[in-house]
Amino acid sequence: MARYNAQIFTTPFLYILTCWLLLGGTTVSFCRETDILCLKSIKESIEDPLNSLSSSWIFENNTEGFICRFNGVECWQLDENVVLNIRLSNMSLQGEFPRGIDKCTSLTGLDLSGNEFYGSIPSDIGKMLPYVTSLDLSLNKFSGEFPSSIANMTFLNVLLLNNNRLEGQIPPQITSLSRLKSFSVANNLLSGPLPNFVNVTFSYKNNEGLCGEPLSRCRRSLKFEYPFKSGFVIGYAVSVVSFIVVFVSYFMPWVDVKKGNRKITIKETILLMMRKEKERRETTLEMKSATSSVSLQEKSQEISTWEKFVTRMSFTELSNATDNFSQDNIIGVGKLGTVYKATLPNGWFLALKRFHDPQRYDEDFKSELQMLGQLRHINLVPLLGFSVESNERLLVYKYMSNGNLYDRLHLGEGEAKSALEWPLRSKIAIGLARGLAWLHHNNSSVHLVHLKLNSKSVLLDHNFEPKISNFRSAVQMQTSEPNSTSSSMLIWELELMRCDVHGFGIVLLELITGKDGISIETRYDDCDNQLSNNSSDVCDAIDGSLIGKGFDAEISQFMKVAYDCVQPVLHQKPTMLEVYNKLMAVGAEHGPTYRSESHWHNVL
């Protein structure tokens, strides 16, 4: 468990994506048949001068999970032949890209870095590896074009192609990879404009042909230069001719042009042309004005939709409530924006999230507004309103006077920390479980998976009632019938929910141990026997300030629930509804007054 926890805490986002990728649509039985063929194909298609694979990849064993012990192979579960990651870095392997890898249909990570692979990267790699979150082909000898099909790998989080011999342009479609966080093409032979990435760590050095911000400005290609030059010459010629015509029309008025039965002067002809040009310009302006009006109308309709959920507030009044967004009123700074404490004239407090770059984060603003605007629950942070100005985006929340759980547990001093006795921690744990269970299993049409749960995203109001916040990474589930056990989509959603179950388990361990969630890596071996035997004794892992105050047995039961949440076998994790009911059964005396499962459903 120690190794498992260490992996989870060092790569939390990858773990979340791993949970996400259970939607792959590939059944386990199918994977068992194809994943073995996948590894056989890889072994047969590449040269292995150091016998890095030959000594380990032996296919004579037919026991379930035998390939999970192969060098560089990681499985979804140790007792099933379903490959999760293939990591074959720095093994001096040679050959072209192993096309048989497409038979590993549940693969989420591929690392072939530091070898001597050559040839082109398959043009259909996006189809071969549709669910991969991390692709590392760096430090090889791959050549040829940058395959545009990589843009179809919609789950990509990390893409490393540096130190190869790739040529041509970086396909602009790659900017559509919304989950991409790290991208490197350094030390290649690439040319053309750099992609316009947002929120991506991008390395591109030593590609002399690349251009665009922040490098030198891209030159216009010939197909653009030629029309421009030709147009300039033609325009110049037309101007000269026009000047001559005008001169002639004024100083040689006897020159006429015959049109039908009527003669018109050149001067009249020119005036007619000028009138038509004026009409053309007026038409263009009217079209632009109409387009602008449509855009404003669409924006107005969008705001009207938001107003159905929460109140639109005056930016000026909110600005005044924060003393013009004074630094003294800052209570938090995040990736998207800064959070301010606002004081209304009647003495009420609000929390305002002011987005850093409205254009850059406009979609995040809309998503959070629409998502939280439709959700109302005692254990979710209440969204009260919003404000939209030309260059400002604000979200308005209820102010949480006791801050976030992380600060209370790990940064609090004196009375702030001593206030978190076990009855209060029990209340926080049960309230948090109830909020997550409601998000997953409520009877409305909106069901969410948070995917980023930690003690910093749990806010505490004046009564220390926990409020789940930070829904930026949340995903809305699509199942229309959440109680239908026959739905194949529900199977995926239940697996996806386990990501939140794991996050809750870490927060529960923080409440019990008093340790930072990132540092909870050690398996509490000394506790295992005590917990399995329902011993009333407690181990050293439990926060010393909680021991010996009459709650030892209850804390041990909560610890059991936490272990169930973070245990490594994903499909054996409980649902949040099961977690909530278990905690209620143990801590009803100190938790909220929710007594039974039937009552729990009634209050949803």
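It should be emphasised that the depicted structure is a prediction, and the values quoted were computed from it without experimental measurement.

Q: Tell me about the nonpolar core, and name the residues and values.
A: In this structure, Leu439, Phe471, Phe504, Leu508 and Leu583 are the most contacted members of the largest nonpolar core, which totals 66 residues. Ranked by residue count, the leading element in this core is helix 11 (residues 422–441), at eleven residues. Beyond its immediate sequence surroundings of up to four residues, Phe471 is in contact with Met371, Leu372, Leu380, Leu439, Leu448 and His450. With 53 residues, the next largest nonpolar core counts Ile67, Phe117, Leu156 and Leu161 among its residues.

Q: With reference to specific residues and values, describe the state of the cysteines.
A: Inspection of every chain in the model, using the stated rule, returns three disulfides. A sulfur-sulfur distance of 2.0 Å marks the disulfide that ties Cys38 to Cys104. On the sign convention where negative is left-handed, the bridge of Cys38 and Cys104, at about -105° about the S-S bond, is left-handed. Taken together, the residues Cys38 in helix 3 (residues 28–45) and Cys104 in the loop between strand 3 (94–96) and strand 4 (109–111) connect sequence positions 66 residues apart. Take Cys38: its relative accessible area is 0%, and that puts it in the buried class. For Cys104, a relative accessible area of 3% gives the class buried. With a sulfur-sulfur separation of 2.0 Å, Cys211 is cross-linked through a disulfide to Cys218.

Q: An account of helix 8 (residues 362–373) is needed here, citing residue identities and associated values.
A: In a regular helix each residue adds 1.5 Å, so twelve residues correspond to 16 Å; helix 8 covers 16 Å between its end C-alpha atoms and thus fits that length. Those residues of helix 8 that fall on the buried side of the exposure criterion are Asp362, Phe365, Lys366, Glu368, Leu369, Met371, Leu372 and Gly373.

Q: Account for the pattern of salt bridges, naming residues and giving values.
A: Overall, the coordinates contain twelve salt bridges when judged by the stated rule. Close ionic contact of Arg393 with Asp362 constitutes a salt bridge, the shortest N to O distance being 3.1 Å. Residue Arg393 is located in strand 21 (residues 392–398), and its partner Asp362 is located in helix 8; the two are separated by 31 residues in the primary sequence. With respect to class, Arg393 is no different from Asp362; both count as buried. Of the charged contacts in the structure, one is a salt bridge between Glu421 and Lys549, with a shortest N-O distance of 3.3 Å. With Glu421 in the loop between helix 10 (415–418) and helix 11 and Lys549 in the loop between helix 13 (525–532) and helix 14 (552–566), this pair connects stretches of sequence that are 128 residues apart. A single salt-bridge network, built from bridges that share partners, covers Asp362, Glu363, Lys366 and Arg393.

Q: Outline the sheet that holds strand 10 (residues 182–184), listing residues and values.
A: One open sheet holds the seven strands; their spatial order is 1-2-4-6-8-10-12, and the pairing between them is mixed. Across the chains shown, the open sheet's two edge strands, defined by having one partner strand only, are strand 1 (73–75) and strand 12 (201–203). When strand polarity is set aside, the average angle formed by the axes of neighbouring strands in this sheet is 10°. Taken together, the three bridges between strand 4 and strand 6 (residues 134–136) define a ladder with parallel strand orientation.

Q: Run through the packing of aromatic side chains, naming residues and quoting values.
A: Enumeration according to the criterion identifies 14 aromatic pairs in this entry. Pairing Phe117 with Phe142 gives two aromatic rings, centres 6.2 Å apart and planes at 0°, and the pair type is stacked. One end of the pair, Phe117, is in strand 5 (residues 116–120); the other, Phe142, is in strand 7 (residues 141–145), and 25 residues separate them in sequence. A single burial state applies to Phe117 and to Phe142, both of which are buried. Between the aromatic rings of Phe315 and Phe325, the centroid separation amounts to 5.8 Å while the plane-to-plane angle is 35°, which identifies the pairing as tilted.

Q: Before we move on, can you summarise the packing of helix 11 against helix 14 with the specific residues and values?
A: One way to put it is that helix 11 packs onto helix 14 with a least axis distance of 12 Å and a crossing angle of 25°. Between helix 11 and helix 14, the interaxial angle falls into the category roughly parallel. Relative to helix 14, the crossing made by helix 11 is left-handed. Along its contact with helix 11, which presents Trp422, Ser426, Ala429 and Ile430, the element helix 14 presents Glu554, Ile555 and Phe558. When the residues that make up the contact of helix 11 with helix 14 are grouped by side-chain class, the tally is five nonpolar, one polar and one charged.

Definitions and limits used
Residues numbered from 1 in each chain as written. Predicted model: local features only at pLDDT ≥ 70, side-chain atom pairs only at ≥ 80, totals over all residues. Heavy atoms only, no water. Core = buried A, V, L, I, M, F, W, Y, C linked by side-chain atoms within 4.5 Å. Buried < 20%, exposed > 50% of the residue type's maximum accessible area, 1.4 Å probe, protein only. Helix = DSSP H or I, 4+ residues; strand = E, 2+ residues; numbered from the N terminus. Contact = heavy atoms within 4.5 Å. Disulfide = S-S within 2.5 Å. Expected span 1.5 Å × (residues − 1). Salt bridge = Lys/Arg side-chain N within 4 Å of Asp/Glu carboxyl O. Pairing = 2+ DSSP bridges. Axes fitted to C-alpha atoms, helices over the stretch in contact; angles between N-to-C directions. Phe/Tyr/Trp six-rings, centres within 6.5 Å; stacked < 30°, edge-to-face > 60°. Parallel < 35°, antiparallel > 145°, perpendicular 65-115°, else oblique. Left-handed = near helix turned anticlockwise from the far one by under 90°. Nonpolar A, V, L, I, M, F, W, Y, C, P; charged D, E, K, R; others polar.

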